[in-house]
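Survey of secondary and tertiary structure
Residues per chain are reported as follows:
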Amino acid sequence: MSLFLEYLEEIENRKKDLGLAPKPIDSAELLAEIIEQIKDSAHEHRDVSLNFFIYNTLPGTTSAASEKAKFLKEIILGETVVAEISVEFAFELLSHMKGGPSIEVLLDLALGDDTALAAKAADVLKTQVFLYDADTARLEAAFKAGNGVAKDLLESYAQAEFFTKLPDVAEKIEVVTYIAGEGDISTDLLSPGHQAHSRADRELHGQCMITPEAQQEIQALQAKHPNAKVMLIAEKGTMGVGSSRMSGVNNVALWAGKQASPYVPFINIAPVVAGTNGISPIFLTTVDVTGGIGLDLKNWVKKVDANGKTVVDDNGDAVLEEAYSVATGTILTIDTKAKKLFNGDKELVDISSAFTPQKVEFMKAGGSYAVVFGKKLQTFAAETLGIEAPAVFALSKETSIEGQGLTAVEKIFNRNAVGVTSKNALHAGSDVRVKVNIVGSQDTTGPMTCQELEAMAASTISPIVDGAYQSGCHTASVWDSKAKANIPKLMSFMNAFGLITARDPKGVYPAMTDVIHKVLNDITVDDRAIIIGGDSHTRMSKGVAFGADSGTVALALATGEAAMPIPESVKVTFKGKMKGYMDFRDVVHSTQAQMLKQFGGENVFQGRVIEVHIGTLLADQAFTFTDWSAEMKAKASICISEDETLIGSLEIAKSRIQIMIDKGMENPAKTLQGLIDIANKRIEEIKSGSAPALTPDNNAKYYAEVVVDLDQIDEPMIADPDVNNDDVSKRYTHDVIRPVSYYKGKPVDLGFVGSCMVHKGDMQIIAQMFRNIEKQNGNIEFKAPLVVAPPTYNIVDELKAEGDWEILQKYSGFEFNDASPKDAARTKYDNIMYLERPGCNLCMGNQEKAEPGDTVIATSTRLFQGRVVADSAEKKGESLLGSTPLVVLSTMLGRFPTMDEYTAAVEGINLTDFAPPTHALTSAPAVAVRIADPV
């Protein structure tokens with residue numbers, strides 16, 4: 001059967017089984033067959049083939065785009081005649097293909113001998129921005145050879161006409177409100193983790209946003225108010241918390257945005273989203289990628305009494321009152337010039353934060369990518385012409401405050417900044433382009449990152465990136481048909497692009513399903529590095545890391561850069577002494593609880609960088625804090641370490657990178673060896689004193705300072721989804737932190753030790769607890785299932801070498817087998833311990849899940865509704881989060897332990913070595929001069 005007939009069969013099945021349109025074409029072989037049918041005027045499938053060619057072929061650097069561009073060139077040159085595609089229409093189609101093969105064809109024509117065609121090609125090229133080195137090199141060579149068209153193009157690019165000639169953002173934008181949920185809205189609601197396999201199939205994945213009923217309601221609002229855009233709202237909450245999913249914004253845009261191009265299906269842009277408490281930072285970046293609008297509504301405010309004091313309820317929480325209504329179906333007007341939100345003539349709230357000059361540029365250009373590439377193109381053109389580029393784009397905000405020292409994040413951004421005009425060091429609020437050192441792509445968003453790279457016509461990783469990794473951890477638990485269909489293609493693409501990949505497309509080295517954040521933590525070998533990763537838990541304990549959507553990851557891979565304002569910081573220090581039976585996880589949870597108490601319920605971490613003065617903890621253990629900062633709604637976190645501690649962490653990182661080399665994971669560019677070289681250089685800098693471990697200046701300025709009192713922590717602390725709270729907006733927020741005594745006698749249905757929140761020490765704790773309980777009781781049995789998933793293979797290997805894996809095996813009822821991985825997710829659990837394959841397992845919720853309605857106690861990070869455990873008809877599922885010893889003991893008892901039971905179980909076990917540093921981890925401010933551009 002021909003590829004085309006197979007495609008028709010797939011179309012029929014898609015329509016019959018799923019009610020979907022034909023899948024967009026990315027295959028060169030299929031499109032070549034379609035083109036032959038178009039050329040045959042008598043072919044029975046000619047009309048439908050023509051339709052597929054024009055309207056259903058993916059642009060950029062897909063192999064299909066290459067075939068499409070070649071055929072359009074034939075039409076333009078008159079080598080082929082297609083009645084339905086005139087020369088003018090062929091040029092129009094090329095203009096919507098964004099880059100790669102289309103740019104190559106347009107340059108061929110523009111720099112060719114036919115002056116009429118050259119002029120038409122040049123007109124199209126003047127609207128394009130996705131030009132890469134090979135394209136600009138052709139232009140530069142033609143210009144130097146005296147080509148007039150090349151000179152004309154460069155002059156247009158220098159004036160940034162590709163941007164200036166675009167229509168301005170409308171002054172008034174009418175919206176109709178839709179309450180998507182009350183309380184914080186996780187991106188799981190917009191793009192559920194258990195549907196991760198379908199994200200690259202945009203129309204199919206779009207069906208999972210919120211509920212089918214919600215999708216119908218959104219469509220009904222659009223039909224009723226055709227001149228208004230539907231604005232999705234998180235009422236009494238923050239929009240887009242939890243994960244940095246491009247798929248979430250894509251789904252919102254699919255239902256409530258506008259089509260990016262009439263010739264490209266299911267790629268929509270410009271959604272409008274809002275939240276009472278604004279938009280989470282990682283989600284807002286994704287909104288910017290699509291040229292959308294994200295509003296901070298502030299429509300619920302704290303109620304105050306006659307004396308101006310905040311009114312609180314019986315739980316001590318502030319009582320909120322409605323400042324104005326945004327009930328579903330309310331018509332509002334966004335005034336982009338006044339930067340205010342109106343209901344009729346009534347001004348509701350200032351929304352200027354959504355309409356900074358930079359954000360307005362993204363809206364005008366249809367997304368942030370076009371602005372990033374446009375700026376680079378303008379700079380190239382001006383330099384080639386030998387002129388100064390005119391100030392077309394909004395000037396970057398560069399803030400330097402005389403006499404004020406630098407926080408850790410300010411130092412990192414100043415070190416990595418590019419294209420900055422100021423000679424003085426920059427402070428928080430400054431807009432900065434920065435070099436990205438490390439990039440991570442994860443496996444359930446990776447297929448979308450591939451699409452984004454193809455769409456922006458990128459074909460190889462930027463040479464200025466120190467290292468990049470493609471993980472396989474989110475699909476590690478179950479090697480099912482979905483994983484088999486998606487993951488090999490992903491690994492092959494990323495390996496060819498230049499990343500270190502968890503799976504070898506050639507099958508030489510074994511699959512490494514290590515949790516992505518753990519790998520990125522190991523390959524980050526400089527405490528002054530900037531890391532971008534396709535997951536909200538990209539929060540390294542060395543350098544500063546930002547979780548990002550799949551598109552921003554693609555941009556970092558393609559350009560080696562990211563752009564953002566320097567964030568504000570909150571300083572966290574510790575005092576007091578830890579009790580011997582407490583785990584560091586309890587310190588992490590208590591930090592959140594004590595912060596909220598110190599600031600009257602205000603989360604000062606939200607949208608800011610947490611600078612934690614952790615000093616004495618190695619990177620693995622310190623990562624437990626930085627990882628959790630995603631749940632604190634922080635933008636990122638930075639660990640301030642002592643010199644010897646940092647050297648120890650770098651030595652561990654070197655050894656683990658060497659293991660990757662020994663396994664055969666090195667690439668032709670010798671990326672992994674390059675990282676070891678960087679680590680060696682950094683260690684020498686620290687030892688010599690020429691560049692000690694990163695510390696803030698002692699006169700740095702913070703948004704807030706939090707002091708965590710370790711003396712107050714005397715029980716294991718649990719993060720509770722509070723599923724039965726009468727106020728629905730306070731459920732699933734991660735902000736309810738309670739001591740274990742609150743849960744006296746509460747049954748536990750399943751325990752989970754795994755995810756990025758655990759390290760080797762956690763596995764050792766389990767082994768030591770087993771030895772303790774063996775000695776106390778003579779035997780070990782489980783009254784609830786216990787799932788244990790080590791985060792990395794290194795940990796498993798080390799435990800085997802040291803003897804701890806043996807006791808875990810002794811009491812396990814299931815042990816993973818890489819030679820025969822599970823091909824179906826577990827739906828029922830026995831009261832045994834499951835030793836699972838390294839990876840995310842239950843935390844991701846896309847493969848393994850607890851049984852509906854279970855009460856789960858887990859070391860993982862996610863407590864969102866339906867993520868780890870769904871509700872049953874009888875009971876709401878609960879994902880309570882705590883320390884490893886608490887989880888293990890709870891499964892042995894089938895309930896939460898008493899303090900006596902807990903302390904007996906951990907007797908003699910060193911749960912953590914953490915102690916506050918004995919001296920301030922700050923440095924005297926140097927002269928506030930910025931380090932020179934690194935690239």
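Up top you'll find the structure we're talking about.
Let me begin by describing the structure that accompanies this report. Quantities reported herein were computed from a predicted structural model and do not represent experimental measurements.

For the rest of this paragraph, the subject is the overall build of the protein. When you go through the protein residue by residue, the secondary structure sums to 31 helices and 33 strands. Each principal axis of the C-alpha atoms in the protein carries an extent, and together these give about 90 × 70 × 60 Å. Across the 935 residues that make up the protein, the buried fraction comes to 59%. Here the contacts in the protein between residues at least 6 apart in sequence split such that 73% fall between residues at least 24 apart.

One open sheet holds the three strands; their spatial order is β14-β15-β21, and the pairing between them is antiparallel. Every interior strand has two partners, whereas the edge strands, β14 (417-418) and β21 (561-565), have only one. The pairing of strand β15 (residues 431-435) with β21 spans five bridges and is classified as antiparallel. Residue pairing across strands places Val434 opposite Ala562, the latter belonging to β21.

Glancing now at the sheet that holds strand β12 (residues 340-343). Spatial strand order, β8-β7-β3-β1-β11-β12-β13: seven strands in an open sheet with mixed pairing. Pairing within the sheet leaves two strands with one partner each, and these edge strands are β8 (293-296) and β13 (346-350). With strand direction ignored, the average angle separating the axes of adjacent strands in the sheet is 35°. Sheet strands touched by helix α13 (residues 212-224): β1 (172-182) and β3 (229-235). Its angle to β1, the strand with the most contacts, is close to 160°.

This next bit is on the environment of Ser186. Among the structural elements, Ser186 can be located in strand β2 (residues 185-186). A relative accessible area of 9% places Ser186 in the buried class. Placed 11 residues apart in sequence, Ser186 and His197 show a C-alpha to C-alpha distance of 18 Å. Residues in contact with Ser186, not counting those within four places in the same chain, are Val241 and Phe864. A polar contact is formed between the side chain of Ser186 and the backbone nitrogen of Asp188, at a distance of 2.8 Å.

Position of Glu410 among the secondary structure elements: in helix α18 (residues 408-416). Here Glu410 sits buried without a salt bridge, and the closest side chain of opposite charge, Lys411, lies 9.0 Å off (N-O distance). At 2.9 Å, the side chain of Glu410 forms a polar contact with the backbone nitrogen of Ala428.

What follows concerns the packing of helix α7 (residues 115-125) against helix α9 (residues 148-158). Contact pair α7 / α9: the axes reach a minimum separation of 10 Å and the direction vectors enclose 20°. If you check the angle between α7 and α9, you find them roughly parallel. Crossing of α7 against α9: the hand is right-handed. Residues Ala118, Ala122 and Leu125 of α7 pack against Val149, Leu153 and Tyr157 of α9. Taken together, the residues of the contact of α7 with α9 break down into six nonpolar, no polar and no charged.

Attention now goes to the packing of aromatic side chains. Applying the stated criterion across every chain yields a total of 21 aromatic pairs. Seen in terms of ring centroids, Phe413 and Phe546 are 6.0 Å apart; in terms of plane orientation they differ by 85°. Their pairing is edge-to-face. Placement of Phe413 in helix α18 and of Phe546 in strand β20 (residues 544-547) is noted, with a sequence separation of 133 residues between them. In this pair, the class of Phe413 matches that of Phe546, namely buried. Measuring from ring centre to ring centre gives 5.0 Å for Phe574 and Phe914, while their planes differ by 80°; the resulting arrangement is edge-to-face. Here Phe574, found in strand β22 (residues 569-575), pairs with Phe914, found in the segment after α31 (899-905); they are 340 residues apart in sequence, far enough to count as distant. Judged by relative accessible area, which is 11%, Phe574 ranks as buried. Phe914 gets classed as buried once you look at its relative accessible area, which sits at 5%. Through a chain of ring-to-ring contacts, the aromatic side chains of Phe4, Tyr7 and Phe52 assemble into a single cluster.

When two helices pack together, their arrangement is given by the angle between the helix axes and the distance between those axes. Contact geometry for helix α21 (residues 516-523) and helix α25 (residues 643-663): axes closest at 8 Å, N-to-C directions at 115°. In terms of axis orientation, α21 runs roughly perpendicular to α25. Facing α21, whose interface residues are Val519, Asp522 and Ile523, α25 presents Ala653, Arg656, Ile657 and Met660. By residue class, the composition of the contact of α21 with α25 is five nonpolar, no polar and two charged.

Our focus in this paragraph is the pattern of salt bridges. Pairing is possible between side chains of opposite charge, provided their charged atoms come close. Summed over the entire model, instances satisfying the criterion amount to 54 salt bridges. A salt bridge links Lys126 to Asp152; the shortest N-O distance between them is 2.7 Å. Here Lys126, found in the loop between α7 and α8 (133-144), pairs with Asp152, found in helix α9; they are 26 residues apart in sequence, far enough to count as distant. Its salt-bridge partner being Glu685, residue Arg528 comes within 3.0 Å of it at the nearest N-O pair. With Arg528 in the loop between α21 and β19 (530-533) and Glu685 in helix α26 (residues 671-688), this pair connects stretches of sequence that are 157 residues apart.

In this fold, Thr407 is placed in the loop between α17 (368-385) and α18. Beyond its immediate sequence surroundings of up to four residues, Thr407 is in contact with Ser569, Glu611, Pro696, Ala700, Lys701 and Tyr702.

Turning next to the state of the cysteines. Tallying each qualifying case throughout the model produces zero disulfides. Left without a disulfide partner, Cys450 is nearest to the cysteine sulfur of Cys473, which lies 15 Å away. Given the relative accessible area of 9%, Cys450 is considered buried. Of all cysteine sulfurs, the one in Cys756 lies closest to Cys639, which takes part in no disulfide; the gap is 14 Å.

In this sheet, β13 lies alongside β12 in antiparallel orientation, the contact comprising four bridges. Pairing of Leu341 across the sheet is with Val349, part of β13. With antiparallel pairing between neighbouring strands as the criterion, β12 and β13 make up a hairpin whose turn holds two residues, including Gly344 at a positive phi of roughly 65°.

On to helix α20 (residues 481-497). Helical periodicity: at 3.6 residues per turn, an α-helix aligns residues three or four positions apart in one direction. Look at α20: 25 Å from first C-alpha to last across 17 residues, which is about the 24 Å you get at 1.5 Å a residue. For α20, the complete set of buried residues consists of Ala483, Ile487, Leu490, Met491, Met494 and Phe497. Tucked into the core, α20 has its buried residues touching β16 (438-441), α19 (446-455), β17 (467-470), β18 (500-501) and α22 (550-559). In the stretch just after α20, Gly498 is the one whose phi turns positive, near 125°.

If you look at the biggest cluster of nonpolar residues, it comprises 192 residues, and the most contacted ones within it are Phe53, Ile85, Phe413, Met456, Tyr469, Leu557 and Phe770. Each residue touching Phe53, except ones within four places of it in the same chain, is listed here: Leu31, Ile34, Ile35, Ile38, Lys68, Phe71, Leu72 and Ile85. Core analysis: the next-biggest nonpolar cluster, separate from the first, contains 49 residues, Leu596, Phe605, Val706 and Met757 among them.

This paragraph deals with unusual backbone geometry. At Phe266, a residue that is not glycine, the phi angle is positive and equals roughly 60°. Looking at the secondary structure, you find Phe266 in the loop between β5 (258-259) and β6 (268-269). One non-glycine residue, Asn841, lies in the positive phi region at around 55°. A relative accessible area of 3% places Asn841 in the buried class.

All right, on to the environment of Asp749 then. Here Asp749 lies in the loop between β27 (737-739) and β28 (750-754). For the pair Asp749 and Ser890, spaced 141 residues apart in sequence, the C-alpha to C-alpha distance is 9.2 Å. Ignoring anything within four residues of it in the chain, the contact list for Asp749 reads Ala784, Pro785, Gly853, Asp854 and Thr855. A polar atom in the side chain of Asp749 sits 2.7 Å from the backbone nitrogen of Thr855.

Along its 18 residues, α26 runs 26 Å from first to last C-alpha, staying within 8% of the 26 Å computed at 1.5 Å per residue. Restricting attention to buried positions, one finds in α26 the residues Thr671, Leu672, Leu675, Ile676, Ala679, Arg682, Ile683, Glu685 and Ile686. Of the surrounding secondary structure, the elements contacted by the buried residues of α26 are β16, β17, β18, α21 and α25. Looking at the residues trailing α26, positive phi occurs at Gly689, about 85°.

Reading guide: rules and limits
Residues numbered from 1 in each chain as written. Predicted model: local features only at pLDDT ≥ 70, side-chain atom pairs only at ≥ 80, totals over all residues. Heavy atoms only, no water. Helix = DSSP H or I, 4+ residues; strand = E, 2+ residues; numbered from the N terminus. Buried < 20%, exposed > 50% of the residue type's maximum accessible area, 1.4 Å probe, protein only. Contact = heavy atoms within 4.5 Å. Pairing = 2+ DSSP bridges. Axes fitted to C-alpha atoms, helices over the stretch in contact; angles between N-to-C directions. Polar contact = N/O pair within 3.5 Å; in protein donor to acceptor, adjacent residues only side chain to side chain. Lys, Arg positive; Asp, Glu negative; His and termini not counted. Salt bridge = Lys/Arg side-chain N within 4 Å of Asp/Glu carboxyl O. Parallel < 35°, antiparallel > 145°, perpendicular 65-115°, else oblique. Left-handed = near helix turned anticlockwise from the far one by under 90°. Nonpolar A, V, L, I, M, F, W, Y, C, P; charged D, E, K, R; others polar. Phe/Tyr/Trp six-rings, centres within 6.5 Å; stacked < 30°, edge-to-face > 60°. Disulfide = S-S within 2.5 Å. Expected span 1.5 Å × (residues − 1). Core = buried A, V, L, I, M, F, W, Y, C linked by side-chain atoms within 4.5 Å.

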